[in-house]
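Residues per chain, in single letters:
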Amino acid sequence: MRWGIEQRLEFIEFRLFWEGSINRADIVEFFSVSVPQASKDLTLYQERAPGNMEYDTRGKRYVAVEKFVLRFLDPDPYVYLRQLRSVAEDATPFHDSWIAAFPDADVALTPKRDIDIEVFRKILNAVRKDMSVEVFYQSMNKMRPDPIWRRITPHAFGYDGFRWHVRAYCHLEHKFKDFLLPRILKVGATGTPGATGEQDWFWNNYFDVIIGPHPALTESQKKVVAKDYGLDQGNGVMSVRYAMLFYVLKRLGLLGDAAKQNAYTQHIVTLNRKETEAALDKAGFQL
């Protein structure tokens, strides 16, 4: 089937599963298709997912039946929650979301980092073309209190939950580093690349962080923490790039010995803490 039809079938199922009903006008309004096309889409959905919906003559809408079976969507609550979060963060206009009736929701906001759009476009272009590029960068290094021009060969982007950085080979220090996008003030000429992304060992290799509930919690509390974090048999393994290890641990409150922190504010700990600290040190991060 054409991608447009497949997408509309997913839309129909999303509305039925999460909102309980749908009609032709919903499809017409969202996809800007004709009424006859919307009718064909609903008929096709009935053929592909028989028994999932029935027509409510009073409400003039198709409604989901009690024994609804997903055919086109993954049974994942995060499909819905991702859209809810995106709208709550003003990342997506509400009319672009598949959600029709928005529940009241809010998110813990962080200050929006000021990324210059032209700077980002030029960095992205250098990544795509495997080129190096000159950047006027403000470092927080005490040896470089003022911004300086330096050449980097960018190859990837990273997000720590608060801000974006570009992963790049630094021609000044002759090693791979992270450069925060808001601190790149200007972009200059492109040139031949230095080391490529394939040579970035810390980006291409992973370390397994083993996490589990805080030992000071009660058994019932440990069970709910295990459920909350999706831990199998009470423990879980997170496979993390060495280059992202510091950021992941920081966000989860796992830098240092989490077992010494208050169990009722820090619910999880690192079970292989010594090995994790050694991995951090190997990646160039020191606690």
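For clarity, every value in this text was computed on a predicted model and none was experimentally measured. (Residues numbered from 1 in each chain as written. Predicted model: local features only at pLDDT ≥ 70, side-chain atom pairs only at ≥ 80, totals over all residues. Heavy atoms only, no water.)

Re the pairing of strand S7 (residues 175-180)
- Taken together, the six bridges between strand S6 (residues 164-170) and S7 define a ladder with antiparallel strand orientation. In the strand pairing of S7, Arg-167 is matched with Asp-178.
- Once S6 ends, the chain turns through four residues before running back antiparallel as S7, passing His-174 with a positive phi of about 60°. (Pairing = 2+ DSSP bridges. Helix = DSSP H or I, 4+ residues; strand = E, 2+ residues; numbered from the N terminus.)

Quick word on the UniProt feature "domain: WYL" (unreviewed entry) in the protein chain
- Mapped onto this numbering, the UniProt entry annotates "domain: WYL" (unreviewed entry) at residues 118-187.
- The distance separating the terminal C-alpha atoms of residues 118-187 is 8 Å; by composition the span is 17% helix and 50% strand. (UniProt positions renumbered as here; feature names shortened; annotations may be inferred.)

Focus: the sheet that holds strand S3 (residues 61-64)
- Across the sheet, which stays open at both edges, the three strands sit in the order S1-S3-S2 with antiparallel pairing between neighbours. Of all the strands in the sheet, the pair left with one neighbour each is strand S1 (21-22) and strand S2 (53-56).
- In the sheet, S2 pairs with S3 via four bridges, with the strands oriented antiparallel. Following the sheet pairing, Asp-56 is matched in S3 by Arg-61.

Structural notes on unusual backbone geometry
- In this model, Lys-60 sits at a positive phi of 55°, which is unusual for a non-glycine residue.
- Within the secondary structure layout, Lys-60 lies in the loop between S2 and S3.
- Under the relative-accessibility criterion, Lys-60 is labelled exposed at 59%.
- Phi at Asp-90 is positive, roughly 65°, even though this residue is not glycine.
- Mapped onto the elements of the fold, Asp-90 is located in the loop between helix H4 (77-88) and helix H5 (117-129). (Buried < 20%, exposed > 50% of the residue type's maximum accessible area, 1.4 Å probe, protein only.)

What about the side chain of Asn-272?
- Here Asn-272 shows up in the loop between strand S11 (268-270) and helix H9 (273-282).
- We classify Asn-272 as buried; its relative accessible area is 10%.
- Each residue touching Asn-272, except ones within four places of it in the same chain, is listed here: Phe-207, Asp-208, Val-209 and Ile-210. (Contact = heavy atoms within 4.5 Å.)

Details of the sheet that holds S11
- Overall, antiparallel pairing links the three strands, which are arranged S10-S9-S11 in an open sheet. Of all strands in the sheet, those bounded by a partner on one side alone are strand S10 (236-241) and S11. Going from strand to strand, the sheet's axes swing by 35° on average, the running direction of each strand aside.
- Bridging between strand S9 (residues 206-213) and S11 involves three bridges; their strand directions are antiparallel. Residue pairing across strands places Ile-211 opposite Thr-270, the latter belonging to S11.
- Its contacts with the sheet put H9 on S9 and S11, and the angle it makes with S9 is roughly 145°. (Axes fitted to C-alpha atoms, helices over the stretch in contact; angles between N-to-C directions.)

Concerning a nonpolar patch on the surface
- A cluster of nonpolar residues, Ile-115, Phe-120, Tyr-159 and Trp-164, forms a patch on the protein surface that exposes about 340 Å² of accessible area.
- Along the chain, Tyr-159 turns up in strand S5 (residues 148-159).
- What makes Tyr-159 partly exposed here is its relative accessible area of 34%. (Patch = residues over 30% accessible without salt bridge, like charges linked within 9 Å, V, L, I, M, F, W, Y side chains within 5 Å. Areas by Shrake-Rupley, 256 points an atom, 1.4 Å probe, with all protein chains shown as cover. Salt bridge = Lys/Arg side-chain N within 4 Å of Asp/Glu carboxyl O.)

Some thoughts on the packing of aromatic side chains
- By the definition in use, this model includes 24 aromatic pairs.
- Summarising the aromatic geometry, the rings of Trp-201 and Tyr-242 are spaced 5.0 Å apart at their centres and angled 50° between planes, so their arrangement reads as tilted. Remark: Tyr-242 occurs in the loop between S10 and helix H8 (245-251) and Trp-201 occurs in helix H6 (residues 201-204); sequence separation between them is 41 residues.
- With relative accessibility at 9%, the residue Tyr-242 sits in the buried group.
- A network of ring pairs unites the aromatic residues Phe-11, Phe-14, Phe-17, Trp-18, Phe-30, Phe-31, Phe-68, Tyr-80 and Trp-98 as a single cluster. (Phe/Tyr/Trp six-rings, centres within 6.5 Å; stacked < 30°, edge-to-face > 60°.)

Concerning the environment of Asp-281
- Within the element layout of this structure, Asp-281 appears in helix H9.
- Residues Asp-281 and Tyr-242 lie 39 residues apart in sequence; the distance between their C-alpha atoms is 10.0 Å.

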